[in-house]
Amino acid sequence: MSRQLADIALPPGPLFPGYFADPFVMNVDGTYYAYGTGLHSETGGRVFEVLSSPDLVNWNSHGGALEPLGAEPLDYWAPEVARQDQRFYLYYSVGHGDQGHHLRVATAAHPLGPFIDLGLNLTPDEPFAIDPHPFQAPDGSWWLFFARDDLSGERPGTVLAVAPLHDMTHLGEPQTIVRASGDWQRYQTGRAMYGGVYDWHTLEGPFVLWRNGQFHLLYSGGAWTNETYGVGHAVADHPLGPWTEPALRANVLRTAGPLIGPGHASVTTLDGQDILMFHAWDAQHTRRQLHAAHLRWEGERPCALAALVK
């Protein structure tokens, strides 16, 4: 029998002292593995720090997970890992700063790696693509959710898209599924991009759950650099949508109490309970760190905020 939420103690502060942004956590044969943005190729070693834990509370670092693409200094962002046929597939983006990011995939025989890039640009036609999230639907099909730039619509900026994922290494035709719907998702006013100036809105960090017969999409919006960042929610009956937002706000996570700019969440389970893993800024605003909270369901809507700011 699963313990009640109140019986599963999670620390109110960061779980790991180091810089660990964009956390993705998965359970492999009883051990939790966390992958995050932080280690880049300038260190000369592997990128994407990987942690392990037996309980989501006590974590050990194993260094980098991914062999870098080469000697050129690059920025590696937002790793997520999927397991299929006893292989592990690590999806990530790489670029220079916040420019020219494309999605790639690497494989390994063990969740600690080393992951070796397969030499594939999954998004060659996108000017900017980040935050890949592999998801297997109940019917067995695989999908890759991600964020990409789109200048159309009333709120141009970074939107959420999804594409069929074939043999874990090739994408079908991508389709935009969620666009910015409110001011809370504004990244920057008067941002110079692609030869123009825009009130830029950002949706990123998609993560999908299958709960109660529906697909639930958690995503981050706003500016990751400050207190506007938070996590919203959309729901659909199919990965391609249509996706609707029951609440047009950051109803899952937002800056409150000790949390500063919480976001880029993933979900795992502990004793049958959904646990939200995410990053937030430290008090000095110098590093984004790993946090955890119970993901509560209020009817069909997920919410972690109330438990964090009591």
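That block above? That's the structure.
Residues numbered from 1 in each chain as written. Predicted model: local features only at pLDDT ≥ 70, side-chain atom pairs only at ≥ 80, totals over all residues. Heavy atoms only, no water.

Caption draft 1: Representation of the pattern of salt bridges within the structure. For the structure on display, the rule yields ten salt bridges. Linking Glu 67 and Arg 46 is a salt bridge whose minimum nitrogen-to-oxygen distance equals 2.9 Å. In this pair, Glu 67 is assigned in the loop between strand 4 (60-66) and strand 5 (75-84) and Arg 46 in the loop between strand 2 (31-37) and strand 3 (47-53), connecting sequence segments 21 residues apart. The exposure class assigned to Glu 67 is partly exposed, which follows from its relative accessible area of 29%. As a salt-bridge pair, Arg 148 and Glu 126 come within 2.8 Å of each other at their nearest N and O atoms. With Arg 148 in strand 10 (residues 142-150) and Glu 126 in the loop between strand 8 (116-117) and strand 9 (129-136), this pair connects stretches of sequence that are 22 residues apart. Each member of the pair, Arg 148 as well as Glu 126, is classed as buried. (Salt bridge = Lys/Arg side-chain N within 4 Å of Asp/Glu carboxyl O. Helix = DSSP H or I, 4+ residues; strand = E, 2+ residues; numbered from the N terminus. Buried < 20%, exposed > 50% of the residue type's maximum accessible area, 1.4 Å probe, protein only.)

Caption draft 2: Expanded view of the packing of aromatic side chains. According to the stated counting rule, one finds 13 aromatic pairs in the structure shown. With centroids separated by 6.4 Å and ring planes inclined at 80°, the aromatic side chains of Tyr 35 and Phe 115 adopt a geometry described as edge-to-face. Of the two residues, Tyr 35 is situated in strand 2 and Phe 115 in the loop between strand 7 (99-108) and strand 8; the sequence distance between them amounts to 80 residues. You can call Tyr 35 buried: its relative accessible area is 0%. Measuring from centroid to centroid gives 6.1 Å for Phe 48 and Tyr 76, while their planes differ by 90°, and the two rings are edge-to-face. Note that Phe 48 is positioned in strand 3 and Tyr 76 in strand 5, a separation of 28 residues in sequence. According to the relative accessible area criterion, Phe 48 is buried, its value standing at 0%. (Phe/Tyr/Trp six-rings, centres within 6.5 Å; stacked < 30°, edge-to-face > 60°.)

Caption draft 3: Here's a closer look at the nonpolar core. Counting residues in each nonpolar core, the largest one holds 36 residues, and the members touching the most others are Tyr 35, Phe 115, Leu 276 and Phe 278. Residue contributions to this core peak at four residues, all from strand 6 (residues 87-96). Not counting the four nearest positions on each side in its chain, Leu 276 is found in contact with Leu 218, Val 252, Leu 253, Ala 265, Ser 266, Val 267, His 291, Ala 292, Ala 293, Leu 295 and Ala 304. (Core = buried A, V, L, I, M, F, W, Y, C linked by side-chain atoms within 4.5 Å. Contact = heavy atoms within 4.5 Å.)

Caption draft 4: Highlighting the side chain of Thr 202. Structurally, Thr 202 can be placed in strand 15 (residues 196-211). When residues no more than four places from it in sequence are discounted, the contact partners of Thr 202 are Thr 158, Gln 185, Tyr 187, Ser 220, Gly 221 and Gly 222.

Caption draft 5: Summary view of the pairing of strand 5. One ladder, built from eight bridges, connects strand 5 with strand 6; its direction is antiparallel. Bridge pairing in strand 6 links Trp 77 to Ser 93. Joining the antiparallel neighbours strand 5 and strand 6 is a turn of two residues, in which Asp 85 adopts a positive phi near 55°. (Pairing = 2+ DSSP bridges.)

Caption draft 6: Examining the sheet that holds strand 20 (residues 273-281) more closely. Read across the sheet, three strands follow the order 19-20-21 without closing on themselves; strand pairing throughout is antiparallel. Edge positions in the sheet fall to strand 19 (263-270) and strand 21 (288-294), since each of these pairs with one other strand and no more. For this sheet the average axis-to-axis angle between neighbouring strands, irrespective of direction, equals 30°. Pairing analysis gives six bridges linking strand 19 to strand 20, with the strands arranged antiparallel. Counted as the bridge partner of Val 267 is Leu 276 from strand 20. (Axes fitted to C-alpha atoms, helices over the stretch in contact; angles between N-to-C directions.)

Caption draft 7: The arrangement of the side chain of Ser 53 in detail. Within the secondary structure, Ser 53 sits in strand 3. There is a polar contact of 2.7 Å between the side chain of Ser 53 and the backbone oxygen of Asn 58. Other than its neighbours up to four places away in sequence, Ser 53 contacts Thr 31, Tyr 32, Asn 58 and Trp 59. (Polar contact = N/O pair within 3.5 Å; in protein donor to acceptor, adjacent residues only side chain to side chain.)

Caption draft 8: Main features of the sheet that holds strand 8. As summarised here, the arrangement of the four strands in space is 5-6-7-8, forming an open sheet in which the pairing is antiparallel. Every interior strand has two partners, whereas the edge strands, strand 5 and strand 8, have only one.

The values reported here are purely geometric and, on their own, carry no functional implication.
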